[in-house]
Structures are given as structure tokens and as C-alpha cells.
Amino acid sequence: MHRALFSIFLFLVCSVNALHFYLDANQKRCFIEEIPTDTVVEGHYRALEWSEHEQKYTDNPELGIIVEVQEEPSGHTVVKTIGPLDGKFTFTSHEAGDHSICLSTNYTSWFSHTHIRLYLDIVVGSTKPDVEHDRSHISELATKVRDLNQKLEDIRREQQYQREREEDYRNLSEATNSRAVWYSIAQITVLVATCAWQLRHLKRFFEDRKMR
């Protein structure tokens, strides 16, 4: 039990997905993240465009990145925004489950052969954005206590999410078992009815034979 809690704790503290990938100007790339309820997700991206003149990936101020986040499988849109080539996005999950995070460029021409290198960092389970710009008056101890309380709250949400999944699985198992029982009863009923019909038919057959 303690090992499981420790694993969950490490997952929440270190749930950072950093990667880079390539896409064309008219292409969209999507990633699926399984997120608990009321969890803050922060993403940072940086896009570089291939320059034929310089023969390397460079910054292009005209390049924009479209970020779309949807809840799966409902398709409810959580985020849809166009940002600069170096930007951030933040959202809070309303329901537990898979979330689709898609990125594409603001280029609309299907005949464009522009290649993009895109760096993406996704932090799941982070604290809510801090709107205070001056935190010098907060003591180090108070900061640690607040961070610890936030991590404990994240663990509680993760445990609640696991309990919800276990409850869904238990309900599904009970429904499956119930259908299996009723199917067996239906089979037995049909078998008994068939036997009764056959016995009745044989009885009439032998009675007819005796009368002859």
C-alpha cells in the first residue's frame, strides 16, 4: 500500500512529458493524456521552421501554432487558441479520462511544403497559475507547506479517480454476470419446454399405436 502511494506521489510530482516532433504546414499532430478530475495541465511549445536559404530550422515571426484540447470521447472542446511560435497553454480538466491535445500551424495552403520542428512540454497535475508577481514576503517554510498540501490534494484526486474506475469495472462485471445468469435460465427454460413437448408427442404416438 505504501509502495503504491509512493508511486502515485512520484507520478504526480514528475508527470512532465517533454518531446519534439516534426510536421508539415498543413498537418495536425495529436496526443492523448489520461487526466484525473480538476487537474491543472500546463503546456509549453516552441516551433521552428525550416529555412531553405539558411539550411536549418529558424524562428519565423509569421508562424502561429493552433492548440486544441478536447475531452474524449465526448468531443467537448476545452481549449482552442492560436498562439505565437513560442507560447504556453493551460487548462483544468472537468471530467476524469482521456484528453486529446492537438497542435497544428496557422498555414492554410495545402500546397505548402514547409516543415516544422515543434518542441512540446506537458506538465500534468501542476498547481494553479500563480497571479502574484511578488512572492518575496512568503517564507520558505510556508511555501513548502503549501506545496505539500497541493501534492496531498493531487494524491487524493488520483485515489478518487482510481476508486471511480474500480467502481465502473465492478458495475460492468456485475452486469455481465447478471446477463450470463439470465442467459443460462433462458437456456434451461427452452430445454425443459423442448423435453416436455417431446414427451407429450411420444405419449400421443404410443397411444395412437395402441389404439391401432
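In what follows, the structure referred to is the one given above.
Residues numbered from 1 in each chain as written. Predicted model: local features only at pLDDT ≥ 70, side-chain atom pairs only at ≥ 80, totals over all residues. Heavy atoms only, no water.

A word on the side chain of Ser 93
In step 1: Along the polypeptide, Ser 93 turns up in the loop between strand S7 (86-92) and strand S8 (97-105).
In step 2: Beyond its immediate sequence surroundings of up to four residues, Ser 93 is in contact with Ile 35, Pro 36, Thr 37, Asp 38, Thr 39 and His 99. (Helix = DSSP H or I, 4+ residues; strand = E, 2+ residues; numbered from the N terminus. Contact = heavy atoms within 4.5 Å.)

As for the sheet that holds S8
In step 1: A sheet is described by the order of its strands in space; here four strands give the open sequence S2-S8-S5-S6, paired in antiparallel fashion. At either end of the open sheet lies a strand with only one pairing partner, and these are strand S2 (28-35) and strand S6 (77-83). Each neighbouring strand pair of the sheet contributes to a mean axis angle of 15°, computed without reference to strand direction.
In step 2: As paired elements, strand S5 (residues 65-71) and S8 share seven bridges and run antiparallel to each other. (Pairing = 2+ DSSP bridges. Axes fitted to C-alpha atoms, helices over the stretch in contact; angles between N-to-C directions.)

Overview of the pairing of S5
Regular strands have side chains that alternate between both faces of the sheet.
In step 1: The element S5 is largely enclosed, with a buried count of six among its seven residues.
In step 2: Where S5 meets S6, six bridges bridge the pair, whose relative direction is antiparallel. Each residue of the ladder has a partner; that of Ile 65, found in S6, is Gly 83.
In step 3: In textbook terms, the turn of a hairpin is the stretch between consecutive antiparallel strands, and for S5 and S6 this stretch comprises five residues, one of which, Gly 75, has a positive phi near 80°. (Buried < 20%, exposed > 50% of the residue type's maximum accessible area, 1.4 Å probe, protein only.)

Description of the packing of aromatic side chains
In step 1: Counting across every chain of the model gives three aromatic pairs.
In step 2: With a centroid separation of 5.8 Å and an interplanar angle of 50°, the aromatic rings of Tyr 22 and Tyr 57 are classed as tilted. One end of the pair, Tyr 22, is in strand S1 (residues 16-24); the other, Tyr 57, is in strand S4 (residues 56-58), with 35 residues separating them in the sequence.
In step 3: A relative accessible area of 22% places Tyr 57 in the partly exposed class. (Phe/Tyr/Trp six-rings, centres within 6.5 Å; stacked < 30°, edge-to-face > 60°.)

A look at the environment of Gly 83
In step 1: Looking at where Gly 83 falls in the secondary structure, it is placed in strand S6.
In step 2: Considered as a pair, Gly 83 and Ile 66 are 17 residues apart in the sequence and their alpha carbons are 6.4 Å apart.
In step 3: Excluding residues within four positions of it along the chain, Gly 83 makes contact with Tyr 45, Gly 64 and Ile 65.

Overview of the nonpolar core
In step 1: In terms of nonpolar packing, the biggest core is built from 22 residues, with Tyr 45, Phe 91, Leu 103, Leu 118 and Leu 120 touching the most fellow members.
In step 2: Residue contributions to this core peak at five residues, all from strand S9 (residues 115-126). (Core = buried A, V, L, I, M, F, W, Y, C linked by side-chain atoms within 4.5 Å.)

Quick word on the state of the cysteines
In step 1: Taken as a whole and assessed by the stated rule, the structure comprises one disulfide.
In step 2: The disulfide partner of Cys 30 is Cys 102, and the gap between their sulfur atoms is 2.0 Å. Residues Cys 30 and Cys 102 are joined by a disulfide whose S-S torsion is about 110°; by sign, that bridge is right-handed. Taken together, the residues span a long stretch of sequence, with Cys 30 in strand S2 and Cys 102 in strand S8 at a distance of 72 residues.
In step 3: For Cys 102, a relative accessible area of 9% corresponds to the buried category. (Disulfide = S-S within 2.5 Å.)

So, the pattern of salt bridges
In step 1: If you walk through the whole model with that rule in mind, you get six salt bridges.
In step 2: Across the pair Asp 86 and Arg 46 runs a salt bridge, and its minimum N-O distance is 3.9 Å. With Asp 86 in strand S7 and Arg 46 in strand S3 (residues 40-51), the pair connects residues that are 40 residues apart, well separated along the chain.
In step 3: With a relative accessible area of 38%, Asp 86 lands in the partly exposed category.
In step 4: Counted as one network, the salt bridges with shared partners bring together Arg 46, Asp 59 and Asp 86. (Salt bridge = Lys/Arg side-chain N within 4 Å of Asp/Glu carboxyl O.)

Focus: unusual backbone geometry
In step 1: In this model, Glu 72 is joined to Pro 73 through a cis peptide bond whose omega is 0°.
In step 2: With respect to the element layout, Pro 73 can be found in the loop between S5 and S6.
In step 3: The backbone of Asp 38 shows a phi angle near 55°, a positive value even though the residue is not glycine.
In step 4: As for its placement among the helices and strands, Asp 38 is situated in the loop between S2 and S3.
In step 5: Of note in the backbone geometry, Gln 55 takes a positive phi value of approximately 60° without being a glycine.

Such coordinate-based values are descriptive only and should not be taken to indicate function.
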